[in-house]
Amino acid sequence: MPRPSQLLVLACFLAACSAHQPPVPEEPTGIGRLEVVVVDGADKQPLPAARVTLSHARGYVKDTTVQADGNGIASFPVLRPG
């Protein structure tokens, strides 16, 4: 049978756990963001001005094409569902 001190520790632990409430997540907006670095397959150097198309075979996102910046970064700032 547990000692009273063990029961007290257990009770305090359970009280602390039940008092913690995880943060409520924000409502999903259906909007996301994606950045990719386009590199040359041979030398792994960034490819500035490369055109990048993002698409999905089932239409989960609309086909979107952007041009990479001088550092080879292609940014899709707003992704909307299909």
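This write-up is about the structure you can find in this document. (Residues numbered from 1 in each chain as written. Predicted model: local features only at pLDDT ≥ 70, side-chain atom pairs only at ≥ 80, totals over all residues. Heavy atoms only, no water.)

1. Examining the overall build of the protein
Thinking step 1. The secondary structure content of the protein amounts to 1 helix and 4 strands.
Thinking step 2. Overall, the protein shows an N-to-C arrangement of helices and strands of α-β-β-β-β.
Thinking step 3. When the 82 residues of the protein are sorted by exposure, 12% land in the buried category.
Thinking step 4. Residue pairs at least 24 apart in sequence account for 40% of intrachain contacts in the protein once pairs closer than 6 positions are excluded.
Thinking step 5. Working note: accessible area of the protein is about 6800 Å², and carbon and sulfur atoms make up 61% of it. (Helix = DSSP H or I, 4+ residues; strand = E, 2+ residues; numbered from the N terminus. Buried < 20%, exposed > 50% of the residue type's maximum accessible area, 1.4 Å probe, protein only. Contact = heavy atoms within 4.5 Å. Areas by Shrake-Rupley, 256 points an atom, 1.4 Å probe, with all protein chains shown as cover.)

2. Section: the nonpolar core
Thinking step 1. Counting 9 residues, the largest nonpolar core consists of V38, A50, V52, L54, V66, A68, A74, F76 and L79.
Thinking step 2. Contributing elements (two or more residues each) for this core: β2 (51-54) and β4 (73-79).
Thinking step 3. With 3 residues, β4 is the single largest residue contributor to this core.
Thinking step 4. Those residues in contact with V38, other than ones at most four positions away along the chain, are Q45, P46, L47, A50, V52, A68, G72 and A74. (Core = buried A, V, L, I, M, F, W, Y, C linked by side-chain atoms within 4.5 Å.)

3. Considering the environment of L47
Thinking step 1. In this structure, L47 sits in the loop between β1 (32-37) and β2.
Thinking step 2. For L47, a relative accessible area of 33% gives the class partly exposed.
Thinking step 3. Expressed as a C-alpha distance, the spacing of L47 and V37, which sit 10 residues apart in the sequence, is 8.2 Å.
Thinking step 4. With residues near it in sequence (within four places) discarded, L47 still touches V38, V39, D40, A68 and G72.

4. Quick notes on the environment of T64
Thinking step 1. Considering the arrangement of structural elements, one finds T64 in strand β3 (residues 64-67).
Thinking step 2. Looking at T64, the relative accessible area reads 27%, which means it is partly exposed.
Thinking step 3. Remark: the alpha-carbon pair of T64 and V52, spanning 12 residues in sequence, is separated by 8.2 Å.
Thinking step 4. At 3.0 Å, the side chain of T64 forms a polar contact with the backbone oxygen of K62. (Polar contact = N/O pair within 3.5 Å; in protein donor to acceptor, adjacent residues only side chain to side chain.)

5. A few points about unusual backbone geometry
Thinking step 1. Positive phi values are uncommon outside glycine, yet K44 reaches one of about 60 degrees.
Thinking step 2. Looking at where K44 falls in the secondary structure, it is placed in the loop between β1 and β2.
Thinking step 3. The exposure class of K44 is exposed, given its relative accessible area of 56%.

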